Amino acid sequence: MKERQISFYSEGFKLDGTVYLPDDYQAGEKRPAIISNSGYQGFNNFYPRLFAQNLTKAGYVCFGFDYRGFANSEGEKGRVILDEQVEDIINAISFLQAQPEVDIDQVGLIGWGMGGSNVVRVAAKDKRVKAVAALNGFFDGERWLKSIHSYVEWMELVKTVEQDRVHRVVTGQSLYADPFIHYPLDPATNDYVQKELVPLSPFGKQTQLQFTDSIMNMNAEKVVTDISTAPLFIGHGKDNLLHPLEESTALYAAASEPKQFYLIDGKHNDFMYHEDPVFQELITELTSFFNSHMSVDKKTEVTA
């Protein structure tokens, strides 16, 4: 895999990213492209790069970037607003229009975890998306938050968010808190996070409470029927305790054809290693899905 470091602007913020090219890419070719998008607290050098490592082998140009405020991208650190991440992805698609390696008529999206709802909402808004895959996500923010909290915890959460709304309008600033105060990790996910992500400096910084507010206002399930031109792939771990399986089955039920559901033989991210056979089975399914709708056989060459 060849890599080219780039930057682009999203609503005035300079975001860092990487164009990942297949080893056999030849100058002048325009190939289908897949943008891989991180979940909560994720960044380009982790899952987007992992997907690119595998999908470039299938002939795709891949693209990964860090949302505003993450890693070395510009933006307020600790500000995580889902609507803003959706705009970052839309602007990433626009950036690809200027890249010589990309066939802009064949752009697909992958969204991991919380990024799953992001890419569904992008595909509902942006007809440039040719195919979209949402993996291990949640798609009705309020429903998901209620499902992982007791009633007492939920009422306290609502009170905290309401107080922060007042604080924001009085002071102009959301309060900061532990990034997992309202996003509690299940034991298996926490073990993975402690082993793989905590040692990495961009991970685990304090997050504004407005993040929880943005989750409560997110409902990708309501807009999934607006995806009129992009086939939808939904993948979910059968034993996922962080984002319940019901989140993806509900999205699948609400979505229009063409759609595909794939049950991953794993939890949330216990299989997210290049050599893991469950991950490689997921890659096989994703490759088949994208090949069906934006085949690398359609790559074109630019002539002088």
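Preceding block: the structure.
These figures come from a predicted structure and were not determined experimentally. (Residues numbered from 1 in each chain as written. Predicted model: local features only at pLDDT ≥ 70, side-chain atom pairs only at ≥ 80, totals over all residues. Heavy atoms only, no water.)

Caption draft 1: Geometry of the overall build of the protein chain. Secondary structure assignment for the protein chain yields 10 helices and 11 strands. Taking 2.2 N^0.38 as the reference for a compact globule, 304 residues should give roughly 19 Å; the C-alpha atoms of the protein chain span a radius of gyration of 19 Å, in line with that estimate. The principal-axis extent of the C-alpha atoms belonging to the protein chain is close to 65 × 40 × 40 Å. Within the protein chain, buried positions represent 55% of all 304 residues. The contacts of the protein chain with a sequence gap of at least 6 include a subset with a gap of at least 24, amounting to 76%. (Helix = DSSP H or I, 4+ residues; strand = E, 2+ residues; numbered from the N terminus. Rg over C-alpha atoms; globule rule 2.2 N^0.38 Å. Buried < 20%, exposed > 50% of the residue type's maximum accessible area, 1.4 Å probe, protein only. Contact = heavy atoms within 4.5 Å.)

Caption draft 2: Structural context of the nonpolar core. Among the nonpolar cores identified, the biggest contains 57 residues, and I35, F63, F65, L109, V120 and Y183 are the most heavily contacted of them. Sorting elements by how many residues they give to this core places helix 2 (residues 82–97) first, with eight residues. Ignoring any residue separated from it by four or fewer positions in sequence, one finds Y183 in contact with Y40, M114, F138, W144, F211, I215, L242 and H243. One finds L50, F51, F279 and L282 within the second-largest nonpolar core, a separate group that totals 29 residues. (Core = buried A, V, L, I, M, F, W, Y, C linked by side-chain atoms within 4.5 Å.)

Caption draft 3: Fine view of the side chain of T56. Looking at the element boundaries, T56 is found in the loop between helix 1 (47–55) and strand 4 (61–65). On the basis of relative accessible area, T56 is assigned to the buried category, the value being 6%. Reaching out from T56, the side chain makes a polar contact with the backbone oxygen of A52 at a distance of 2.7 Å. (Polar contact = N/O pair within 3.5 Å; in protein donor to acceptor, adjacent residues only side chain to side chain.)

Caption draft 4: Quick look at the packing of helix 2 against helix 3 (residues 115–125). Where helix 2 contacts helix 3, the two axes come as close as 9 Å, and the packing angle between them is 60°. Relative to helix 3, the element helix 2 lies oblique. Helix 2 and helix 3 meet at a crossing whose hand is right-handed. Contacts between helix 2 and helix 3 involve L82, D83, Q85, V86, E87, I89, I90 and I93 from the first element and N118, V119, R121, V122 and K125 from the second. (Axes fitted to C-alpha atoms, helices over the stretch in contact; angles between N-to-C directions. Parallel < 35°, antiparallel > 145°, perpendicular 65-115°, else oblique. Left-handed = near helix turned anticlockwise from the far one by under 90°.)

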